[in-house]
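As a plain string of letters, each chain reads:
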Amino acid sequence: MTDLQKAQNFLSEKNFTLVVVSSDKGVFTSSDRGVKPLLYLLENEKGFLDGASVADKVIGKAAALLMVLGGIKEVHTNVISNPAVEVFEKHHIPYYYEEKVKRIINRKGDGLCPMETLCIDVEEPAEAFEKIKEWLEKHK
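Residues numbered from 1 in each chain as written. Predicted model: local features only at pLDDT ≥ 70, side-chain atom pairs only at ≥ 80, totals over all residues. Heavy atoms only, no water.

Caption draft 1: Main features of the side chain of threonine 77. Looking at the element boundaries, threonine 77 is found in strand 4 (residues 74–81). A distance of 3.0 Å separates a polar atom in the side chain of threonine 77 from the backbone oxygen of valine 79. (Helix = DSSP H or I, 4+ residues; strand = E, 2+ residues; numbered from the N terminus. Polar contact = N/O pair within 3.5 Å; in protein donor to acceptor, adjacent residues only side chain to side chain.)

So, in structure tokens, the structure goes:
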């Protein structure tokens, strides 16, 4: 079984939102929604994402940019946005998905996800990281 298959199995069998499998660093799981688990890894578990396989429930552009910043090897998601696809293709990261959507919708269902909106014109992963951190600080 590949690392990506392990990550997918964890994601579908448990109630996780994100599973990261690294053959040399182990497994990270989270039930937090949004990009917070990715930010946590980037800030507190430096290098964990590097070369890892990721399974995530929903990936928008913000999450994709954070994954690129972390250096992931490959990703599988239930739902992916067109801007996230563009990020993975630009950075030559293999991605697999169940459903592709134009944009990620917010949790209320009445507009775009704030992270998708925040990063819509961002192309650099490091810039996305800083913008997301700043936004989350303001909206605690």
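After presenting the structure, the write-up continues.
Caption draft 2: Molecular detail of the packing of aromatic side chains. All chains considered together, the criterion is met by 4 aromatic pairs. Aromatic side chains phenylalanine 28 and tyrosine 40 sit 6.0 Å apart centroid to centroid with 15 degrees between the ring planes, which places their arrangement in the stacked category. Here phenylalanine 28, found in strand 2 (residues 26–30), pairs with tyrosine 40, found in helix 2 (residues 36–44); they are 12 residues apart in sequence, far enough to count as distant. Taken together through their ring pairs, the aromatic side chains of Phe28, Tyr40 and Phe48 make up a single cluster. (Phe/Tyr/Trp six-rings, centres within 6.5 Å; stacked < 30°, edge-to-face > 60°.)

Caption draft 3: Broad picture of the pairing of strand 2. Relative to strand 2, strand 1 (residues 18–22) runs antiparallel, the two being bridged by 5 bridges. Opposite serine 22, over in strand 2, you have glycine 26 as the bridge partner. (Pairing = 2+ DSSP bridges.)

Caption draft 4: Summary view of the pairing of strand 5 (residues 95–101). Here strand 4 runs beside strand 5; their pairing, made up of 6 bridges, is parallel. Each bridged residue has a counterpart across the sheet, and for threonine 77 the counterpart in strand 5 is tyrosine 97. Each parallel crossover has a hand, and the one from strand 4 via helix 4 (residues 82–90) to strand 5 is right-handed. (Right-handed = clockwise from strand over helix to strand, strands pointing away.)

Caption draft 5: Inspection of the layout of surface pockets at higher detail. Counted as a void, the largest pocket has a volume near 780 Å³. Classifying every residue of the lining of the largest pocket by side-chain character gives 15 nonpolar, 5 polar and 12 charged. (1 Å grid on protein atoms, 1.4 Å probe; cavity = no way out; pocket = protein on both sides within 12 Å on 5 of 7 lines; lining within 4 Å. Points joined across faces, edges and corners; volume = space filled by probe spheres on them. Nonpolar A, V, L, I, M, F, W, Y, C, P; charged D, E, K, R; others polar.)

Caption draft 6: Representation of the side chain of aspartate 3 within the structure. Mapped onto the elements of the fold, aspartate 3 is located in helix 1 (residues 3–13). Of note is the side chain of aspartate 3, whose polar atom sits 3.3 Å from the backbone nitrogen of serine 23. Aside from chain neighbours lying at most four places away, what touches aspartate 3 is Val21, Ser22, Ser23 and Ser53. (Contact = heavy atoms within 4.5 Å.)

Caption draft 7: Focus on the sheet that holds strand 4. With respect to topology, 5 strands assemble into an open sheet ordered 2-1-3-4-5, the strand pairing being mixed. Both edges of this open sheet fall to strand 2 and strand 5, since each of them pairs with a single strand only. Each strand axis lies, on average, 5 degrees off the axis of its neighbour in the sheet, ignoring direction. The sheet contact formed by strand 3 (residues 53–59) and strand 4 spans 6 bridges and is parallel. Opposite valine 54, over in strand 4, you have valine 75 as the bridge partner. (Axes fitted to C-alpha atoms, helices over the stretch in contact; angles between N-to-C directions.)

Caption draft 8: Structural detail: the packing of helix 3 (residues 61–70) against helix 6 (residues 125–138). Axis separation between helix 3 and helix 6 bottoms out at 8 Å; the angle between their running directions is 120 degrees. For the element pair helix 3 / helix 6, the angle class is oblique. In this structure, helix 3 crosses over helix 6, and the sense of that crossing is left-handed. Contact with helix 3, carried on its side by Ala62, Leu65, Leu66, Val68 and Leu69, involves Pro125, Ala126, Ala128, Phe129 and Ile132 of helix 6 and no other residues of that element. Among the residues forming the contact of helix 3 with helix 6, the class breakdown is 10 nonpolar, no polar and no charged. (Parallel < 35°, antiparallel > 145°, perpendicular 65-115°, else oblique. Left-handed = near helix turned anticlockwise from the far one by under 90°.)

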